[in-house]
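Each chain, letter by letter, is given below.
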Amino acid sequence: MTATESLLPALRAAVGPAGLVTDADQLRSYLVDWRGAYRGAAAAVVRPGSTEEVAEVLRLCRDAGVAVVPQGGNTGLCGGAVPDASGRQVVLSLGRMRRVHELDAANQTITVEAGAVLQTVQEAAAAAGRLFPLSLGSEGSATIGGTLATNAGGTAVLRYGTMRDLVLGLEVVLPDGRVWHGLRGLRKDNTGYDLKHLFVGAEGTLGVITAAVLKLFPAVRSRATAWVALPGPAAAVELIEVVRALAGDRLTGFEVMSRQSVEFVLAHAAGVRDPFAQPHPWYALVELSDTLPDAGLAEVLETGLGEAFERDLALDAVIASGSAQVAALWALREGISEAQNSEGPSLKHDVTVPVSSIPDFVERTDRALAAAVPGIRVVAYGHVGDGNLHYNLSKPVGSDDDAFRARADELARVVYDSTASFAGSISAEHGIGVAKRDLLADYEDPLELELMRGVKALLDPAGLMNPGKVLPAG
Ligand code: FAD
Ligand code: MLT
Ligand code: ZN
């Protein structure tokens, strides 16, 4: 019997029979990621119902030397929430810890358990006339714990920042079972090191986030959304400046998509249509929002687009009239990730470069990839207002899936070397997980890696919290 199997009775006693999953059929969905790109094995999934139960589980695992893999909505794109193949790790799902504890309207905060689904938190905020602004295509499943652990970004970072900017306090269970009660809702707190930021973006390698205090904002009462056809990424970068100069921080979203990305959505998603009669090389989805009900945002967009046409930055444009049209435009953007999965392996590269370098990055990297794989389909899109491109790759039409997949590492090098040459980052918002772990040794500053290893050794000396994720061996 393995150490993990011997531990199961004690885990069952800690979380109750309903909190321990060992049945092979029920385990399955916890052991593979959303894309089916990462698969693992586990003797059990433990589903604690409270912070005390999480603490007891971690104490038991520490004493038995069993590794723990925290899991939220399992929508992560880097394999961080999937156990390894040994079958000896335990998955700790936060799926039963979904409560909204408190909404403090005057303090503009909401306190929630880590397993709360992002959309539930958005809805709770909206019911109180507030906004929780983090917005992702996966918001119907992604959890607050997972979005914190990956420092998720999404489509409103331009205005509100990433999850790191949206958190005021955390409760975390450390790998030895001690609970750090850092659930403070203070906007000013300079009492030494700001420890919560260690756990944000740590992808479950330093402890289990069990609850968080998050910032709220006034509800948005008006919105204007435009879909703009562009000659290329250089026009997109100029258009951001045109709109920002007029709208200031009412510019909430600036998403950019290549024609290839939109074609995949048109081919595979239900009920979508091209807003224009003819195809164009690139598109931008521009969104302004305001807390005033009648803020004249459509006029601001019209002025910006007028200037864009005069300067040949825009080839065509439509401003959405009504919420159905807004949703239809966003469906073209949000559908890309899923649509690309229908075209065979999707080799994902979530990179950032300075916004000003986006056009040169695209031009140089496209060229290098076309030379490496004639006919390769670059699916470039993303949060260009943040300098963040999802520079994803699909195989040439009619070619073999496995042959393309076999070249994933070589093609990733092409993309990341190009990213590095623009002083960019190989992970903008999805994290490292296992997908990029071994690349960190080549692309991360050695001193930064050394400091990260020191933090890991301090908090998790036995190396039992999500081992094999984020940090390369060494
Ligand atoms: P999981 O996938 O369960 O876990 C992710 C990581 O966090 C793992 O390492 C896990 O161990 C750790 N973890 C989970 N919960 C905890 C916890 N309570 N304590 C400690 N560690 C924990 N991401 C973006 O940033 N921007 C996007 O625009 C975006 N769009 C997406 C669109 C689609 C269609 C999909 C499928 C994914 C998208 N993602 C995006 C990626 C993903 O949704 C985010 O990474 C999200 O933050 C993951 O949340 P989750 O609850 O599913 O976490
Ligand atoms: C998105 O913004 O759609 C996702 O972060 C990108 C992806 O799924 O690759
Ligand atoms: Zn994204």
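To start, this report covers the structure provided alongside it. (Residues numbered from 1 in each chain as written. Chains lettered and ligands numbered in written order. Predicted model: local features only at pLDDT ≥ 70, side-chain atom pairs only at ≥ 80, totals over all residues. Heavy atoms only, no water.)

1. Some details on helix 14 (residues 358-372)
Part 1 of the argument: Here helix 14 contains 15 residues, and its C-alpha end-to-end distance of 21 Å stays within 8% of the 21 Å for a straight helix at 1.5 Å per residue.
Part 2 of the argument: Those residues of helix 14 lying buried are Ile358, Pro359, Phe361, Val362, Thr365 and Leu369. What you see down the axis of helix 14 is that its buried residues fit within an arc of 155°, all on one side. Of the exposed residues in helix 14, those oriented more than 90 degrees away from the buried face are Arg367 and Ala371. (Helix = DSSP H or I, 4+ residues; strand = E, 2+ residues; numbered from the N terminus. Expected span 1.5 Å × (residues − 1). Buried < 20%, exposed > 50% of the residue type's maximum accessible area, 1.4 Å probe, protein only. Arc of directions from axis to C-beta.)

2. As for the site of ligand 2
Part 1 of the argument: What surrounds ligand 2 is the set Leu77, Arg333, Ser337, Lys348, Tyr381, His383, His390, Asn392, Glu429 and His430.
Part 2 of the argument: The separation between an oxygen atom of ligand 2 and a polar side-chain atom of Tyr381 is 3.2 Å.
Part 3 of the argument: Within the contact set of ligand 2, an oxygen atom lies 3.2 Å away from a side-chain nitrogen or oxygen of Glu429.
Part 4 of the argument: Taken by itself ligand 2 offers 270 Å² of open surface, and the protein chains cover 87% of this.
Part 5 of the argument: For the shell around ligand 2, the secondary-structure elements that each account for two or more residues are strand 17 (377-383) and strand 18 (388-394).
Part 6 of the argument: Of the residues belonging to the shell around ligand 2, the class tally is 2 nonpolar, 5 polar and 3 charged. (Near = heavy atom within 4 Å. Polar contact = N/O pair within 3.5 Å; in protein donor to acceptor, adjacent residues only side chain to side chain. Areas by Shrake-Rupley, 256 points an atom, 1.4 Å probe, with all protein chains shown as cover. Nonpolar A, V, L, I, M, F, W, Y, C, P; charged D, E, K, R; others polar.)

3. Topic: the environment of Pro48
Part 1 of the argument: Along the chain, Pro48 falls in the loop between strand 2 (42-46) and helix 3 (51-64).
Part 2 of the argument: If we ignore the near neighbours within four places in the chain, the residues touching Pro48 are Val15, Glu53, Val54, Leu92, Ser93, Arg96 and Met97. (Contact = heavy atoms within 4.5 Å.)

4. Some words on the coordination of the zinc ion (ligand 3)
Part 1 of the argument: The zinc ion (ligand 3) binds to the protein through His383 (NE2), His390 (NE2) and Glu429 (OE); the donor distances cover 1.9 to 2.2 Å.
Part 2 of the argument: Owing to a relative accessible area of 11%, Glu429 belongs among the buried residues under this scheme. (Donors = N, O, S within 2.8 Å, 3.2 Å for Na, K, Ca; no water.)

5. Regarding the pattern of salt bridges
Part 1 of the argument: Taken as a whole and assessed by the stated rule, the structure comprises 23 salt bridges.
Part 2 of the argument: With a shortest N-O distance of 3.1 Å, Asp25 and Arg28 are connected by a salt bridge. For the pair formed by Asp25 and Arg28, the shared burial category is exposed.
Part 3 of the argument: Residues Arg59 and Glu56 are paired through a salt bridge, measuring 3.1 Å at the closest nitrogen-oxygen approach. A residue pair is termed a helical-turn pair when its members lie 3 or 4 positions apart in one helix, as Arg59 and Glu56 do in helix 3 at 3 residues.
Part 4 of the argument: Taking relative accessible area as the criterion, Glu56 reaches 30% and is therefore assigned partly exposed.
Part 5 of the argument: Taken together, the shared-partner salt bridges in this structure form one network comprising Glu238, Glu307 and Arg311. (Salt bridge = Lys/Arg side-chain N within 4 Å of Asp/Glu carboxyl O.)

6. Looking at the site of ligand 1
Part 1 of the argument: Taken together, 35 residues sit near ligand 1, with Pro70, Thr75, Gly76, Ser138 and Thr143 positioned nearest.
Part 2 of the argument: Interatomic distance of 3.4 Å between a backbone N/O atom of Gly154 and a nitrogen atom of ligand 1.
Part 3 of the argument: In the environment of ligand 1, an oxygen atom lies 3.1 Å from a nitrogen or oxygen atom belonging to the backbone of Glu203.
Part 4 of the argument: Expressed as a share of its isolated accessible area of 980 Å², the protein-covered part of ligand 1 is 95%.
Part 5 of the argument: Sort the elements by how many residues they give to the shell around ligand 1 and helix 5 (residues 144-149) lands first, with 4 residues.

7. Here's the deal with the sheet that holds strand 14 (residues 282-290)
Adjacent strands of a sheet form backbone hydrogen bonds with each other and so pair up, either parallel or antiparallel.
Part 1 of the argument: The strand order across the open sheet formed by 7 strands is 15-12-14-13-17-18-16, and the pairing between neighbours is antiparallel. Each edge of the open sheet carries a strand with a single partner, namely strand 15 (316-319) and strand 16 (350-352). Going from strand to strand, the sheet's axes swing by 15° on average, the running direction of each strand aside.
Part 2 of the argument: Against the sheet, helix 11 (residues 297-310) contacts strand 12 (222-230), strand 14 and strand 15, and its axis sits at roughly 15° relative to strand 12.
Part 3 of the argument: With respect to the sheet, helix 12 (residues 323-334) is in contact with strand 12, strand 13 (251-258), strand 14, strand 15, strand 17 and strand 18, its orientation differing from that of strand 12 by roughly 50°. (Pairing = 2+ DSSP bridges. Axes fitted to C-alpha atoms, helices over the stretch in contact; angles between N-to-C directions.)

Function cannot be inferred from these measures alone, as they are strictly geometric.
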